[in-house]
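Structural overview
Residue strings, one per chain:
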Amino acid sequence: MNIVIANIIDFVAAMVQVGSGAIKQKTKILIVQIVQLLMQAVSMLLLGGVTGAVSNVLSCFRNYLCYKEKLNTVWKVILIVASIAMTIVLNEQGWLGVIPAVVCTAYIIFMDVKDPVKFKLLVTLSFVPWMIYHFVLKSYTGAFFDGATVVTNGITLYKMIKERNNDREVAGE
């Protein structure tokens with residue numbers, strides 16, 4: 001029964017995630033993303049994904065700091081150490097339970113990249129391990145929407161690269 005409830009919660013969270021794409025105000029996006037991440041954390045807890053849930057809660061805090069433009073090197077180190085420490089303490093899933101900490105660490109390290117193509121690549125690649133994590137946990141709706149996000153981001157990434165190359169050709173580079 002937990003699998004069904006968790007997938008329903010994850011489906012609602014995915015709809016919130018999709019809906020957030022239409023929001024333009026930073027503060028509203030922040031609130032919606034935090035709600036979405038917390039809902040997914042509940043879903044993961046129901047499925048035994050404690051490290052994923054912890055990672056989502058830390059992501060809420062990370063996003064809050066980022067939007068307030070207070071995410072500096074000290075906060076990054078604190079978030080990475082917290083993610084790794086919580087994974088060591090709470091992981092009962094073996095290699096699967098390590099995935100959220102790895103993704104969280106990589107994302108935090110590289111999220112400041114200024115190049116929009118590289119940032120889109122980071123975002124796209126960060127969903128691949130989450131797709132595996134969700135699928136193995138039996139969060140099929142989460143895995144499906146992670147996969148859909150990889151595809152749509154991949155298409156956008158292709159268009160961004162193509163556009164960049166066209167701009168370079170026009171500029172004579």
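Everything numeric here is computed off the predicted structure, so don't read it as measured data.

1. Some points on the overall build of the protein chain
- In terms of regular secondary structure, the protein chain is built from seven helices and zero strands.
- Counting helices and strands in the order they occur from the N terminus, the protein chain gives α-α-α-α-α-α-α.
- Its C-alpha atoms give the protein chain a radius of gyration of 17 Å, near enough to 16 Å, the size a compact globule of 173 residues would have.
- If you line up the protein chain on its principal axes, its C-alpha atoms span 60 × 35 × 35 Å.
- Of the contacts formed within the protein chain by residues at least 6 apart in sequence, a portion of 66% connects residues at least 24 apart.
- Total accessible area computed for the protein chain in this model is approximately 10000 Å², and 70% of it derives from carbon and sulfur atoms.

2. Observations concerning the side chain of Ser55
- Among the secondary structure elements, Ser55 is positioned in helix 3 (residues 50-67).
- The buried category is assigned to Ser55, whose relative accessible area is 3%.
- Dropping the residues within four chain positions of it, Ser55 is found in contact with Pro100, Cys104 and Trp130.

3. Brief notes about unusual backbone geometry
- The backbone of Glu69 sits at a positive phi, close to 55°, despite the residue not being glycine.
- Following the sequence through the fold, Glu69 ends up in the loop between helix 3 and helix 4 (73-90).
- Its identity as a non-glycine residue notwithstanding, Lys138 has a phi of 80°, on the positive side.
- With respect to the helices, strands and loops of the structure, Lys138 is situated in the loop between helix 6 (116-137) and helix 7 (140-171).

4. Some remarks on the environment of Thr105
- Structurally, the position occupied by Thr105 is in helix 5 (residues 95-110).
- Separated by 22 residues in sequence, Thr105 and Ser83 place their C-alpha atoms 7.7 Å apart.
- Those residues in contact with Thr105 that lie beyond four places of it in its chain are Ile80 and Ile84.
- A polar atom in the side chain of Thr105 sits 2.8 Å from the backbone oxygen of Ala101.

5. Examining the nonpolar core
- Counting residues in each nonpolar core, the largest one holds 14 residues, and the members touching the most others are Leu71, Leu79, Tyr107, Ile108 and Met111.
- Elements with a contribution of two residues or more to this core: helix 3, helix 4, helix 5 and helix 6.
- Excluding residues that lie within four positions of it along the chain, Leu79 makes contacts with Leu58, Phe61, Arg62, Leu65, Leu71 and Ile108.
- One finds Ala6, Leu47, Ala53 and Leu137 within the second-largest nonpolar core, a separate group that totals eleven residues.

6. Looking at helix 4
- The terminal C-alpha atoms of helix 4 lie 25 Å apart, and with 18 residues this matches the ideal 26 Å at 1.5 Å per residue to within 8%.
- Among the residues making up helix 4, those that are buried are Lys76, Leu79, Ile80, Ser83 and Thr87. Here the buried residues of helix 4 occupy an arc of 95° about the axis, which is enough to place them on one side. Summarising the geometry of helix 4, the exposed residues directed more than 90 degrees from the buried face are Val74, Val81, Ile88 and Val89.

7. Observations concerning the confidence of the model for the protein chain
- On average, residues of the protein chain score 90 in pLDDT, and 97% of them reach the 70 mark or higher.
- Between the elements of the protein chain, mean pLDDT differs from a low of 87, seen in helix 2 (residues 26-46), to a high of 96, seen in helix 4.

8. Quick notes on helix 6
- Between its first and last C-alpha atoms helix 6 spans 32 Å; for 22 residues at 1.5 Å apiece the expected length is 32 Å, and the two agree.
- Burial in helix 6 covers these residues: Val117, Leu122, Val123, Thr124, Ser126, Phe127, Trp130, Tyr133, His134 and Leu137.
- By the N-cap criterion, in which a side-chain oxygen at the helix start approaches the backbone nitrogen of a residue two or three places on, helix 6 is capped by Asp115, the distance to Val117 being 2.9 Å.
- Two residues or fewer past helix 6, Lys138 is found with a positive phi of approximately 80°.

9. Some thoughts on the environment of Ile78
- Looking at the secondary structure, you find Ile78 in helix 4.
- Look at Ile78 and you get partly exposed, because its relative accessible area is 40%.
- Separated by 39 residues in the primary sequence, Ile78 and Met39 have C-alpha atoms spaced 24 Å apart.

Definitions and limits used
- Residues numbered from 1 in each chain as written.
- Predicted model: local features only at pLDDT ≥ 70, side-chain atom pairs only at ≥ 80, totals over all residues.
- Heavy atoms only, no water.
- Helix = DSSP H or I, 4+ residues; strand = E, 2+ residues; numbered from the N terminus.
- Rg over C-alpha atoms; globule rule 2.2 N^0.38 Å.
- Contact = heavy atoms within 4.5 Å.
- Areas by Shrake-Rupley, 256 points an atom, 1.4 Å probe, with all protein chains shown as cover.
- Buried < 20%, exposed > 50% of the residue type's maximum accessible area, 1.4 Å probe, protein only.
- Polar contact = N/O pair within 3.5 Å; in protein donor to acceptor, adjacent residues only side chain to side chain.
- Core = buried A, V, L, I, M, F, W, Y, C linked by side-chain atoms within 4.5 Å.
- Expected span 1.5 Å × (residues − 1).
- Arc of directions from axis to C-beta.
- pLDDT = per-residue confidence, 0-100.

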